[in-house]
Amino acid sequence: MTAYLKMDEPDRRNRLDSMAQGVIGQPLDRMEGPLKVSGTARYAHEWPVERLCHAVLVRSTIARGHVVRIDRSPVEAMDGVLAVIDDDRLLRNPAQGTAGKAPVQGPREIFYVGQPLALVVAESFEQARHAATQLRIETMATEAVLDPESESTDRERPEGKQTSQGDLDRAMAEASHSIDAVYHTPGHSSAAMEPHAAIAQWDGDDLTVHASCQMLKYNQEELADALGIDAGRVRIVSPYVGGGFGSKLGIAHDAVAAAIAARAVGRPVALALSRRQVFETTMRRSESRQRIRLAADADGLLTGLGHEALVSQLPGETFSEPVAQATHFLYAAENREIIHEIVRLNRTCAGSVRAPGEAIGMTVLETAMDELAVKAGIDPVALRKRNIPDKDPEDQRPFSSHMLDQALDRGAELFDWQRRRPEPRSTRRGEWLIGLGMSSAARVNSLMQAESRVTLGGEGVRIETDMTDIGTGTYTVLAQIAGEMLGVPMDRITTVLGDTDLPPGPGSGGSWGASSTGSAVYVACEEIRARIARKLGCRAEDLTLKDGHAITGNRSTALGELIGDAPISVRGVVEPGGTSKKVRQSTYGAFFAEVAVNDVTAEVRVRRMLGVFAAGRILNAKTARSQCLGGMTFGIGMALTEELIHDPRDGSIVNRDLAEYHLPVNADVPQLEVELLEERDPWASPIQAKGIGELGISGAAACINNAVFNACGVRVRSYPVTLDKILAEL
Amino acid sequence: MRPFDYVRPSGMPEATREASRAGSAFIAGGTNLLDLMKLEVMAPDRLVDINRLDMGECSATPAGGLRIGALVTNSDLAADEHVRRDYPLLSRALLAGASGQLRNKATTGGNLLQRTRCYYFYDTSAPCNKREPGSGCSAIGGATRLHAILGASEHCIATHPSDMAVAMQALDAAVEIENVEGQTRSVPLSDFYRLPGDTPQVETVLGSGDLITAVVLPAPVKGSQIYRKVRDRASYAFALVSVAAVVGVEDGTIGSVALAFGGVAPRPWRDHEAERILAGERPSDELFARFADEILREARGQGGNDFKIPLLRRTLIATLQSATDESR
Ligand SMILES: Cc1cc2nc3c(=O)[nH]c(=O)nc-3n(C[C@H](O)[C@H](O)[C@H](O)COP(=O)(O)OP(=O)(O)OC[C@H]3O[C@@H](n4cnc5c(N)ncnc54)[C@H](O)[C@@H]3O)c2cc1C
Ligand code: SF4
């Protein structure tokens, strides 16, 4: 039996609020937490499989060209080597999120340094790794495009991403205060803790892959398409994912190569990327050049807003970092110009990394807003508040809900913002200059088609979907929704995830996981409630479900009794509809930071940081908060340390390990405070929840950079704000 | 990793003898060597595991100094009472390096001999004179944030990454070495490392089979000791610039002075000549600036590391200021 909802109308019933179990929103621990901390949660590369052999990828050392010859026989003769493979179906780069089909394939044409050109399969991992270093691949190099800002390279302007409204030049000319500045952000790597890995096994023509993937429904189709087989023959199992951050949205080299190799040697094959391969073969965030123009009247009201972004991508890929995604609607300004340009480059494929678009676009826009505040002599919080539009400034749609104003106020209050001294270099502690900064947060929200099966049996509830839990709390949050709706205690709920044999969902990405799949669970539970009500002969609205009992009037019946040995199983389906079009949906928030800048060395330390967020209904206050903490930590990394360094001569990533790609470490992260605002967004989903995963990074880096300016008076327009950039003007 | 043999001698003559066979390498904590072996940047045919040798103790010397066994771990050395009392600079330098887990494994001998972190040294597809003599230097013209401003050559611009060695350099340490004939010699740390010149693959004066058995510190000199490390993140990053200082002020003038610099040169950098500018003088900003000028006289940036010149200048002046603070 299927229950179906198309989200055409807002749902203002707030049904979850009228339930009795009292678990929704509670800060419950993650159900799978003990498995993870005790090392018993099984990750992709850890499945015990008999007769397993190992494969290691071999990389290109040139940026552009083709393979002339592979000298395979010396390697084939090495100890333990089973095969050297350069199958035409090997991927050039991973699939983009929600592609549902194979990306560019073929290991003979070379597009970037690090591109996998072949793999070596051997009995042991060590044999395969050594043999891989010995494989000689003769290549012919041709000229590569390596400079993302070269004037001589063609730039594309994709339709639908450009806005031109009014006359920005004129607004700039007539403005009382204006900013026209160019900013840079570097490439980033997701750098998830668990490297991309897969174990592939064939049973006749049926393939099972244990892999580390974020979006199984799409990954199944991508893998099948890459291999040239029917999707029905492919099963992907991915119950635990050690972080993804976008890098595991699309099927990647590991799964495809392992499947090809397993077929070739007639045995199960494991393939894990090394850390260096993770850096150079999985998705990077594109570097960007961004020009911001802001025109304001004497009171700081924006009259003009321009955001021009230049990002890079490999030839033939449709994705490009949607830099100005939030600029389209964040601030009112009559005259607008948003330009999005792409340059085709021979660097590792660009893809979704932690809030693609807003992470860098909001960061730059919010840096420019701070510059405007300084120039106009207006408090940065007040400047933002003044420019909040009452409808989408470009397409005039109403907002589904809008909490930026509240977030700014609440943040300013909690952070004691009024104590900030606007003049740079006004607060000093010994060598350290102290400053405060803030920025707005915004991230677009979306609902995706999702399915879940919910079964209420005598023993409790079982939830099944191919949705993944990439460390975000999906297991727990889905159980809380079902527990609330069906009045069943948490310890009697089982969530089964991460298997393409289960009902398909949109996976984890775009922050839509919990609200989309959670809505599918909700829809199924509504139907189960209706059935129980029917059994009891009452209206669903008059039914109270609590602690495993159904209560109507003064009658209480144990659910187990009511169901007997005929469990109720419902497949819930939710589909986006009119609400995705009629209104502009976004989450909002505000960041505040206090930093110290060393007046001698220009080292920057974040002393405290606050994020205030509104993301609709909070399903679990603890996992939601953890998402925000993670986002803000990435914000610190983006602000101060993270950067892919490309060699100017071949575009290769030189700092491709965790010693030199500087993610923030504990000592870089001070006490972080997160405040979640109470909100229900009726347009977002039937559970009034929105995505929260990426909001915590969308603009976060700017508050730190703005605080650096307030501390020492140096404005850095190129992220990350490393000490050399400050030192130059200190 | 390439297949290799493994031996674990229990006594001294055996260890140096084993190591003197071609293609052999000692392994102590393994925190650097194993990483390099996995990437096949280093590919010894045999590993001589020295962890069973009796070199794990610190002991007082008759001269009032400290003899640190080559196998004393970085964690133990940093926590050693004697070190914390008499050579706090060393303790701080150690704790500013790597991470807790690494320091638990890393040894004194291994730390001195850790290889450069030059990106291209780690990339076996890139030319590198240190890894493959005569192949060229990829760092020149490439990414040079980590690279040297002093002591480099046109053949190699790599830095020595150790923090510990910088502190030891300022403390006038000597390295005790035992050779395959069973003879022991002592080499001042100032003479232990070789500048790259046209043989960047030769990093020290060690010969085949030579084993570091200890590092010996002379009796502590009076004065303030400071280790200041500047890096790209608050912890777990190599020094962009570091300054180790031992400065004694008596009657308003600088008496003893020793300054060593890390992150800027192929070896812990020390300039005895320049130190004479400071000795016997009254501490002043003008004096420190003159000293800095002298230290940086031949400094040369490579583009990506140009900032190290002003950074070292500022850091060393600030370090001298705080070392002489009370007397000014
Ligand atoms: C991620 C990371 C970050 C780090 N950060 C820092 C940092 O910030 N600052 C810092 O100073 N260091 C840092 N380190 C380096 C660390 O200090 C060294 O790896 C460690 O000190 C090496 O000691 P080991 O005993 O493990 O050496 P091994 O790896 O065992 O050996 C290193 C070399 O020394 C030789 N060797 C060892 N002992 C002897 C001996 N007694 N006689 C002769 N030869 C010998 C070996 O043959 C080998 O060539 C970092 C390392 C890592 C991996
Ligand atoms: S600087 Fe030295 S270690 Fe680095 S590439 Fe050049 S020769 Fe090799």
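Thresholds, definitions, all that
- Residues numbered from 1 in each chain as written.
- Chains lettered and ligands numbered in written order.
- Predicted model: local features only at pLDDT ≥ 70, side-chain atom pairs only at ≥ 80, totals over all residues.
- Heavy atoms only, no water.
- Helix = DSSP H or I, 4+ residues; strand = E, 2+ residues; numbered from the N terminus.
- Rg over C-alpha atoms; globule rule 2.2 N^0.38 Å.
- Buried < 20%, exposed > 50% of the residue type's maximum accessible area, 1.4 Å probe, protein only.
- Areas by Shrake-Rupley, 256 points an atom, 1.4 Å probe, with all protein chains shown as cover.
- Domains from an automatic or database assignment.
- Phe/Tyr/Trp six-rings, centres within 6.5 Å; stacked < 30°, edge-to-face > 60°.
- Lys NZ or Arg CZ within 6 Å of the ring centre and 35° of its normal.
- Axes fitted to C-alpha atoms, helices over the stretch in contact; angles between N-to-C directions.
- Parallel < 35°, antiparallel > 145°, perpendicular 65-115°, else oblique.
- Left-handed = near helix turned anticlockwise from the far one by under 90°.
- Contact = heavy atoms within 4.5 Å.
- Near = heavy atom within 4 Å.
- Polar contact = N/O pair within 3.5 Å; in protein donor to acceptor, adjacent residues only side chain to side chain.
- Buried area = accessible area lost by both parts, 1.4 Å probe.
- Salt bridge = Lys/Arg side-chain N within 4 Å of Asp/Glu carboxyl O.
- Nonpolar A, V, L, I, M, F, W, Y, C, P; charged D, E, K, R; others polar.
- Expected span 1.5 Å × (residues − 1).
- Pairing = 2+ DSSP bridges.
- Core = buried A, V, L, I, M, F, W, Y, C linked by side-chain atoms within 4.5 Å.

Trainee: Got a sec to walk through the overall build of chain A? Specific residues and values, please.
Mentor: Per the secondary structure count, chain A includes 18 helices and 31 strands. Against the globule reference of 27 Å for 730 residues, chain A gives a C-alpha radius of gyration of 26 Å, in line with a compact fold. Summarising its shape, the C-alpha atoms of chain A cover approximately 80 × 75 × 50 Å along the three principal directions. Per-residue burial over chain A gives 65% buried out of 730 residues. Total accessible area on chain A is roughly 24900 Å²; 47% of this is exposed by carbon and sulfur atoms.

Trainee: Go over the domain arrangement of chain B, please, and point to the residues and values.
Mentor: Per the domain assignment, the segments of chain B are domain 1 (5-49) and domain 2 (224-326). Computed from C-alpha coordinates alone, the two centres of domain 1 of chain B and domain 2 of chain B are separated by 36 Å.

Trainee: Any chance you could break down the packing of aromatic side chains for me, citing the residues and the numbers?
Mentor: Residue and element names in this part refer to chain A. As enumerated under the stated definition, the model contains eleven aromatic pairs over all chains in all. For the ring pair F245 and F634, a centre distance of 5.0 Å and an interplane angle of 85° mean the geometry is edge-to-face. Taken together, the residues span a long stretch of sequence, with F245 in the loop between β14 (234-237) and α6 (253-265) and F634 in helix α16 (residues 621-640) at a distance of 389 residues. On the basis of relative accessible area, F245 is assigned to the partly exposed category, the value being 31%. Under the relative-accessibility criterion, F634 is labelled buried at 15%. Following the ring pairs from residue to residue traces out a cluster consisting of Y43, Y240 and Y475. Over the aromatic face of F415 sits the side chain of R608, whose NZ or CZ is 3.8 Å from the ring centroid. Over the ring of F709 we find R715, and its NZ or CZ is 4.2 Å from the ring centre.

Trainee: Explain the packing of α16 of chain A against helix α17 (residues 700-712) of chain A to me, and be specific about the residues and the numbers.
Mentor: Residue and element names in this part refer to chain A. Close contact between α16 and α17 brings their axes to 7 Å; oriented N to C, the two are set at 50°. When the axis of α16 is compared with that of α17, the two are oblique. Remark: the crossing between α16 and α17 carries right-handed chirality. The residues of α17 that touch α16, namely those facing G635, I636, M638, A639 and L640, are A700, A701 and I704.

Trainee: Report on the site of ligand 1, specifying residues and quantitative values.
Mentor: All names here are of chain B. Taken together, 33 residues lie near ligand 1, and F26, G30, T31, T107 and D163 sit nearest. At 2.9 Å from a nitrogen atom of ligand 1 is found a main-chain nitrogen or oxygen belonging to I212. Burial of ligand 1 by the protein amounts to 95% of the accessible area it has alone, namely 980 Å². Breaking the shell around ligand 1 down by element, the ones donating at least two residues are β2 (24-27), α2 (33-38), α7 (108-113) and β8 (211-217). With four residues, α7 is the single largest residue contributor to the shell around ligand 1.

Trainee: Can you lay out the domain arrangement of chain A for me, pointing to particular residues and giving the numbers?
Mentor: All names here are of chain A. Domain annotation of chain A identifies domain 1 (2-41 + 447-581), domain 2 (44-144 + 190-284) and domain 3 (386-445 + 585-727). Between domain 1 and domain 2, the C-alpha centre-to-centre distance is 36 Å. On the domain 2 side, the residues contacting the 24 residues of domain 1 number 21 residues. The contact between domain 1 and domain 2 buries some 1600 Å² in all, and 54% of this surface belongs to carbon and sulfur atoms. On the surface where domain 1 and domain 2 come into contact, there are two salt bridges. The shortest N-O distance in the salt bridge between R235 and D499 comes to 2.5 Å. Where domain 1 packs against domain 2, one counts eight residue pairs in polar contact (both at pLDDT 80 or more). Taken together, the residues of the side of domain 1 that touches domain 2 sort by class into nine nonpolar, nine polar and six charged.

Trainee: I'd like a description of α6 of chain A, backed by residues and values.
Mentor: All names here are of chain A. Counted at 1.5 Å a residue, the expected span for α6 with its 13 residues is 18 Å, and the 18 Å between its end C-alpha atoms agrees. With eleven of 13 residues buried, α6 is to be regarded as a mostly interior element. All buried positions along α6 are accounted for by H253, D254, A255, V256, A257, A258, A259, I260, A261, A262 and V265. Backbone geometry just downstream of α6 places G266 in the positive-phi region, at approximately 65°.

Trainee: Requested: an account of the interface of chain B and chain A, with residues and values cited.
Mentor: Between chain B and chain A, the contact holds 37 residues from the first and 37 residues from the second. Buried area between chain B and chain A, summed over both chains or domains, comes out near 2900 Å², and the portion from carbon and sulfur atoms is 54%. On the chain B side of the contact with chain A, Y119, R233 and R314 of chain B bury the most area, a combined 23% of that side's loss. Seen at the junction of chain B and chain A, the total is four salt bridges.

Trainee: Which residues make up the environment of K725 of chain A, and what values do they have?
Mentor: Residues and elements named next belong to chain A. Inspection of the secondary structure puts K725 in helix α18 (residues 723-727). Assessed through its relative accessible area of 22%, K725 is described here as partly exposed. Spatially, the C-alpha atoms of K725 and G458 are 65 Å apart, while their sequence positions differ by 267 residues. Setting aside chain neighbours within four positions, we find K725 in contact with V714, V716, S718, Y719 and P720.

Trainee: Can you lay out the sheet that holds β8 of chain B for me, pointing to particular residues and giving the numbers?
Mentor: All names here are of chain B. Here we have five strands laid out as an open sheet, ordered β4-β5-β8-β6-β7, and antiparallel in their pairing. At either margin of the open sheet sits one strand with a lone partner, and together these are β4 (58-60) and β7 (184-188). Put simply, the sheet's adjacent strands are angled 25° from each other on average, direction ignored. Note that strand β6 (residues 174-178) and β7 share five bridges and pair antiparallel. Bridging across to β7, I177 finds its partner in R185.

Trainee: Tell me about helix α12 (residues 474-486) of chain A, and name the residues and values.
Mentor: Residue and element names in this part refer to chain A. Across its 13 residues, α12 extends 18 Å between first and last C-alpha, which sits within 8% of the 18 Å expected from 1.5 Å per residue. The buried fraction of α12 amounts to 13 of the 13 residues, a majority that puts the element mostly inside the structure. Looking at the residues trailing α12, positive phi occurs at G487, about 60°.

Trainee: Lay out the nonpolar core with the relevant residues and their values.
Mentor: Ranked by size, the top nonpolar core spans 81 residues in total, and within it M609, I704 and I726 of chain A together with F261, L312 and L316 of chain B carry the most contacts. Filtering out sequence-adjacent residues up to four positions away, I704 of chain A remains in contact with A593, V595, V606, M609, G635, I636, A639 and L640 of chain A.

Trainee: With reference to specific residues and values, describe the sheet that holds strand β25 (residues 544-546) of chain A.
Mentor: Residues and elements named next belong to chain A. The three strands lie next to each other as β25-β26-β27, forming an open sheet whose pairing is antiparallel. In the strand order of this sheet, the two ends are held by β25 and β27 (555-558), each with one partner. Put simply, the sheet's adjacent strands are angled 25° from each other on average, direction ignored. Relative to strand β26 (residues 549-552), β25 runs antiparallel, the two sharing three bridges. Residue pairing in the sheet places K546 in a bridge with H549 of β26. The strands touched by helix α13 (residues 513-536) are β25, β26 and β27; relative to β26, the strand with the most contacts, the crossing angle is about 60°.

Trainee: Tell me about the side chain of T61 of chain B, residues and numbers included.
Mentor: Residues and elements named next belong to chain B. Residue placement: T61 occurs in the loop between β4 and β5 (66-69). You can call T61 buried: its relative accessible area is 18%. Among the polar contacts listed, one links the side chain of T61 to the backbone nitrogen of G65, at a separation of 2.8 Å. Setting aside its immediate chain neighbours within four residues, T61 contacts L66, R67 and V216.

Trainee: Any details on unusual backbone geometry? Residues and values, ideally.
Mentor: Trans peptide bonds make up the majority, and among non-glycine residues the majority have a negative phi. The linkage connecting Y719 of chain A with the following residue, P720 of chain A, adopts the cis geometry, with an omega of -5°. Along the chain, P720 of chain A falls in the loop between α17 and α18. For D172 of chain B, which is not glycine, the phi dihedral falls at a positive 60°. Mapped onto the secondary structure, D172 of chain B falls in the loop between α8 (164-170) and β6.

Trainee: Can you lay out the pattern of salt bridges for me, pointing to particular residues and giving the numbers?
Mentor: One pass over the full model with this rule turns up 91 salt bridges over all chains. The closest approach of N and O atoms between E32 of chain A and K36 of chain A, which form a salt bridge, is 3.1 Å. For E203 of chain B, the salt bridge goes to K130 of chain B, with nearest N and O atoms at 2.8 Å. Taken as a pair, E203 of chain B in the loop between α9 (189-192) and β8 and K130 of chain B in the loop between α7 and α8 lie far apart in primary sequence, 73 residues in all. Assigned by exposure class, E203 of chain B and K130 of chain B land together as buried. The structure contains a network of salt bridges with shared partners spanning D169, D180, R291, R293, E308 and E337 of chain A.

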